[in-house]
Amino acid sequence: MLLTSAVAAVALLAAQASAHGAVTSYVIDGTTYPGYEGFAPATGPKTIQRQWPDYNPTMTVTDKKVMCNGGTSADLTAPVKAGGKVKAIWKQWTHAQGPVMVWMYKCAGDFKSCDGSGKKWFKIDQKGMTAPPLSGTAWGTNDVLKNLYWESTIPSSLAAGNYLIRHELLALHQANTPQFYAECAQIQVTGSGSAQPSGDFLATIPGYAPQSDPGITVDTYGSKATTYTPPGPKVWTG
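Residues numbered from 1 in each chain as written. Predicted model: local features only at pLDDT ≥ 70, side-chain atom pairs only at ≥ 80, totals over all residues. Heavy atoms only, no water.

Under an unreviewed UniProt entry, the chain has the name AA9 family lytic polysaccharide monooxygenase and belongs to Karstenula rhodostoma CBS 690.94. According to UniProt, the comment filed for the chain under the heading Catalytic activity (unreviewed entry) is "[(1->4)-beta-D-glucosyl]n+m + reduced acceptor + O2 = 4-dehydro-beta-D-glucosyl-[(1->4)-beta-D-glucosyl]n-1 + [(1->4)-beta-D-glucosyl]m + acceptor + H2O." (UniProt positions renumbered as here; feature names shortened; annotations may be inferred.)

Shown next, in the form of structure tokens:
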């Protein structure tokens, strides 16, 4: 009986792992950087990605873990030119309904003192639902399901400096049970740009929208809505 229970527990853990996902590497301006993998991130190579403890989702937008999946530090930093490409890569992803959102945060100084606090987060890219129905596959997360990557362009006018880049998948396959998956990496933007977003483009994470936001609580199988707006501010393109 004990052996059976132990086997069942291992099977459950494996099922939980396979149902979820996280960014596990990056390609930035043509250079590949490893990320963390599995449930033992401390055994992986040094990386630009802020360490996360597991694949499990964050369930509320106000949970501190929603910022960087619990990650607070990384050993390395990747340089990227303003106007350059950042590709995040997943080894696994299983959910077809939900938006992809890519955020950045300008650090005031070095990365050790950069905790992501304050109303300084802004979106540089996102894709929600491009065609109904809500239960269909015209979603950003379905692109990740098919391709296992998401590539974005750093705004060409963005001011140089140290930034966190945050890739967020919001899985909406269960009504009123949103699942937030987000990881952060450390990048150093170079170039002669001087632009910075302000006002309505900025948000605080956690809490960039209320949990009751229609973009978070939508019932993708029960709702008859034909449009969808991702939660949080609009995308800033420079």
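Next comes the rest of the write-up.
Moving on, we come to the state of the cysteines. Tallied over the full model, the rule gives two disulfides. Each disulfide pairs two cysteine sulfurs, and for C68 the partner residue is C184, the sulfurs being separated by 2.1 Å. Where C68 bonds to C184 through sulfur, the torsion about that S-S bond is close to -85 degrees, and the disulfide is left-handed. In this pair, C68 sits in the loop between β2 (31-34) and β3 (78-81) while C184 sits in strand β9 (residues 179-190), placing the two residues 116 residues apart along the sequence. In this structure C68 comes out as buried when scored by relative accessible area, which is 1%. Residue C184 is classed as buried on the basis of its relative accessible area of 0%. Put simply, C107 and C114 are joined by a disulfide, and their sulfur atoms are 2.0 Å apart. Here the S-S torsion is close to -75 degrees, and the disulfide linking C107 with C114 is therefore left-handed. For the pair shown, C107 and C114 are each scored as buried. Each bonded cysteine of the chain gets a number by its place in the sequence, and the pairs then read 1-4, 2-3. (Disulfide = S-S within 2.5 Å. Helix = DSSP H or I, 4+ residues; strand = E, 2+ residues; numbered from the N terminus. Buried < 20%, exposed > 50% of the residue type's maximum accessible area, 1.4 Å probe, protein only.)

As a further point, take the environment of V86. Within the element layout of this structure, V86 appears in strand β4 (residues 85-90). V86 gets classed as buried once you look at its relative accessible area, which sits at 0%. For the pair formed by V86 and I28, sequence separation is 58 residues and the distance between their alpha carbons is 4.6 Å.

For the structure on display, the rule yields two salt bridges. A salt bridge links K127 to D143, with the shortest nitrogen-to-oxygen separation between them at 2.7 Å. A residue pair is termed long-range when its members are at least 10 positions apart, and K127 in strand β6 (residues 121-127) and D143 in helix α2 (residues 140-147) qualify at 16 residues. (Salt bridge = Lys/Arg side-chain N within 4 Å of Asp/Glu carboxyl O.)

Turning our eyes to something else, we now look at the side chain of R50. Relative to the assigned elements, R50 resides in the loop between β2 and β3. Put simply, R50 is tucked away with no salt bridge, and the nearest opposite charge, on D115, sits 7.2 Å away. Within the structure, R50 has its side chain in polar contact with the backbone oxygen of T72 (distance 3.3 Å). (Lys, Arg positive; Asp, Glu negative; His and termini not counted. Polar contact = N/O pair within 3.5 Å; in protein donor to acceptor, adjacent residues only side chain to side chain.)

Of note, the amide linkage connecting P132 to P133 takes the cis form, showing an omega dihedral of 5 degrees. As for its position among the elements, P133 is in the loop between β6 and α2. With phi around 55 degrees, N69 is a residue other than glycine that occupies positive phi space. Mapped onto the fold, N69 is located in the loop between β2 and β3. Residue classification places N69 among the buried residues on the basis of a relative accessible area of 4%. The backbone of N176 shows a phi angle near 60 degrees, a positive value even though the residue is not glycine. With respect to the secondary-structure elements, N176 resides in the loop between β8 (161-171) and β9.

This part takes up the side chain of N142. Among the secondary structure elements, N142 is positioned in helix α2. Those residues in contact with N142 that sit more than four places away from it in its chain are H95, A96 and T137. (Contact = heavy atoms within 4.5 Å.)

This part is about the pairing of β6. Counting buried positions along β6 yields five of seven residues, so the element is predominantly enclosed. Where strand β5 (residues 100-106) and β6 come together, six bridges link them in antiparallel fashion. The residue of β6 that forms the bridge with Y105 is W121. (Pairing = 2+ DSSP bridges.)

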